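# A look at the structure
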Amino acid sequence: MNVPWVSFAPMQKEIKDQVIKKFEQMYEASTYIQGEEYRKFNEKFAKYCGAKYCVGVGNGLDALMLILKAYGIGEGDEVIVPSNTFIATALAATYVGAKPVFVEPILEEYNIDPARIEEKITSRTKAIIAVHLYGQCCDMDSINTIAKKYNLKVIEDAAQAHGALYKGKKAGSLGDAAGFSMYPGKNLGALGDGGAVTTDDKDLAIKIAALSCYGSDYKYHHIYKGNNSRLDEIQCGFLNIKLDCLDKWNKERNRIAQRYLNEIKNPKIKLPVVNKNNYHIWHVFAVRCDERDALEKYLNDRGIGTNKHYPTPMHLQGAYADLNIPKGALPLAEEISSTELSIPMYYGMTDEEIEYVIGTINRF
Ligand SMILES: *Cc1c(COP(=O)(O)O)cnc(C)c1O
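Since we're looking at a predicted model, the values are computed, not measured.

Conventions adopted
Residues numbered from 1 in each chain as written. Predicted model: local features only at pLDDT ≥ 70, side-chain atom pairs only at ≥ 80, totals over all residues. Heavy atoms only, no water. Axes fitted to C-alpha atoms, helices over the stretch in contact; angles between N-to-C directions. Helix = DSSP H or I, 4+ residues; strand = E, 2+ residues; numbered from the N terminus. Parallel < 35°, antiparallel > 145°, perpendicular 65-115°, else oblique. Left-handed = near helix turned anticlockwise from the far one by under 90°. Contact = heavy atoms within 4.5 Å. Nonpolar A, V, L, I, M, F, W, Y, C, P; charged D, E, K, R; others polar. Pairing = 2+ DSSP bridges. 1 Å grid on protein atoms, 1.4 Å probe; cavity = no way out; pocket = protein on both sides within 12 Å on 5 of 7 lines; lining within 4 Å. Points joined across faces, edges and corners; volume = space filled by probe spheres on them. Buried < 20%, exposed > 50% of the residue type's maximum accessible area, 1.4 Å probe, protein only.

## Description of the packing of helix α8 (residues 246–263) against helix α11 (residues 351–362)
Close contact between α8 and α11 brings their axes to 10 Å; oriented N to C, the two are set at 30°. Here α8 lies roughly parallel to α11, going by the angle between them. The crossing of α8 and α11 is right-handed. Contacts between α8 and α11 pair Arg255, Ile256, Arg259, Tyr260 and Glu263 from the former with Asp351, Ile354, Glu355, Val357, Ile358 and Asn362 from the latter. Tallied by class, the residues present in the contact of α8 with α11 amount to 5 nonpolar, 1 polar and 5 charged.

Set out below in structure tokens:
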């Protein structure tokens with residue numbers, strides 16, 4: 001049997017007619033930038049997240065970068081980021097001229113460990129980017145308490161957390177502002193690149209809308225040196241359709257994850273831990289194994305697709321050689337990168353496929 005690491009096919013099949021119809025409508029209407037679908041998406045996604053405002057932008061990296069820029073964070077400032085995340089989180093700080101400062105995770109939950117944040121705060125620290133990695137929210141109460149004490153902004157990187165809950169509240173409503181990615185593989189993915197910022201801060205939302213469109217508040221009137229980072233009208237049309245399905249799709253991922261958690265029983269495999277405060281939306285089902293590369297080959301040889309998130313931690317990437325952080329300095333991020341394996345997780349996996357994955361892993 002072949003079980004890919006991810007497949008969009010079951011999801012795509014379900015909405016194909018709606019998507020094609022929407023495409024035809026939009027093609028006829030010839031509105032490609034910031035039309036009715038864009039306004040509708042901003043309104044719908046803000047409401048979905050329990051935030052007052054949403055501003056669609058070009059992608060997830062820009063969402064984070066524009067939040068930092070709108071807060072005036074830049075040259076000479078430091079931004080706390082987790083040591084275990086996709087590089088975009090740190091690059092957002094780098095792009096505005098600030099320095100990313102890495103904080104280690106809670107190993108079993110993979111997210112930033114609030115107990116390790118304070119020791120990294122200096123007089124230059126301006127913000128904490130809390131990444132809800134793999135679809136599980138960070139310990140936001142602890143993070144918000146620290147931020148309040150040191151007067152820092154809390155920015156959620158919710159690129160992997162559309163619909164995730166912390167104490168009953170949605171990702172995107174848990175800090176000062178949140179950046180989302182709608183890259184196709186995310187739980188709410190466009191048919192191309194996309195991103196969004198959510199916040200309750202009206203001034204921030206207005207500023208980000210301007211920054212994402214050449215810094216203009218209305219046409220040919222420029223109040224900031226802005227970017228061009230707009231969310232395409234056509235992607236908004238597709239996202240409006242997919243947003244209506246998101247809860248159902250996340251729920252199915254949850255069902256698959258529960259089966260993995262209950263039925264994978266192999267002492268060599270360490271399962272992810274779900275914090276009791278969280279509703280996890282399983283963007284990635286990440287296990288750890290000391291013999292990770294052997295497990296990967298074993299599964300791939302048996303037709304089971306896998307992935308690694310992420311094979312090289314950011315501080316050991318060439319891109320961040322200038323930070324001069326030696327190997328061994330962030331041991332938990334390094335441990336995760338050398339032991340983590342992501343196993344198949346997508347809407348539409350059949351019970352037969354789920355059972356094949358579980359049985360094969362249990363025989364490793
Ligand atoms: C995908 C991702 C991003 C970047 O999103 P893009 O839309 O690809 O720019 C940022 N942070 C995390 C944690 C991500 O997974």
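Now that the structure is up, let's keep going.
## Some details on the sheet that holds strand β4 (residues 125–131)
Read from one edge of the open sheet, 7 strands run β1-β9-β8-β5-β4-β2-β3, paired in mixed fashion. Each edge of the open sheet is held by one strand with a lone partner, namely β1 (53–57) and β3 (99–103). Recorded for the sheet is a direction-independent mean angle of 25° between the axes of neighbouring strands. Relative to strand β9 (residues 195–199), strand β8 (residues 177–181) runs antiparallel, the two being bridged by 5 bridges. Note on β9: the bridge partner recorded for Ser181 is Gly195. In this fold helix α3 (residues 60–70) packs onto β1, β2 (78–82), β4, β5 (153–157), β8 and β9, with an angle of close to 160° to the strand it touches most, β8.

## Remarks on the layout of surface pockets
Of the volumes computed, that of the largest pocket is approximately 570 Å³. Taken together, 30 residues make up the lining of the largest pocket; nearest its centre are Phe86, Gln160, Ser181, Tyr183 and Lys186. Counting residues per element, the ones that place at least two in the lining of the largest pocket are α3 and α4 (88–95). Estimates place the volume of the second largest pocket at around 370 Å³.

## Re the sheet that holds strand β7 (residues 169–170)
The strand order across the open sheet built from 3 strands is β7-β6-β12, with neighbouring strands paired in antiparallel fashion. Each of the sheet's edge strands pairs with one partner strand only, and the pair in question is β7 and β12 (278–279). Taken together, the 2 bridges between strand β6 (residues 165–166) and β7 define a ladder with antiparallel strand orientation. The residue bridging Tyr166 from the neighbouring strand is Lys169, located in β7.

## Quick word on unusual backbone geometry
That bond from His309 to Tyr310 is cis: its omega, 10°, falls within 30 degrees of zero. Assignment of secondary structure puts Tyr310 in the loop between α9 (292–301) and α10 (331–339). The backbone phi angle of Tyr214 is positive, close to 60°, even though this residue is not glycine. Tracing the chain through its elements places Tyr214 in the loop between α6 (202–211) and β10 (216–218). For Tyr214, a relative accessible area of 40% translates into the label partly exposed. Although it is not a glycine, Tyr220 sits at a positive phi angle of roughly 60°. Checked against the element boundaries, Tyr220 lands in the loop between β10 and β11 (221–222).

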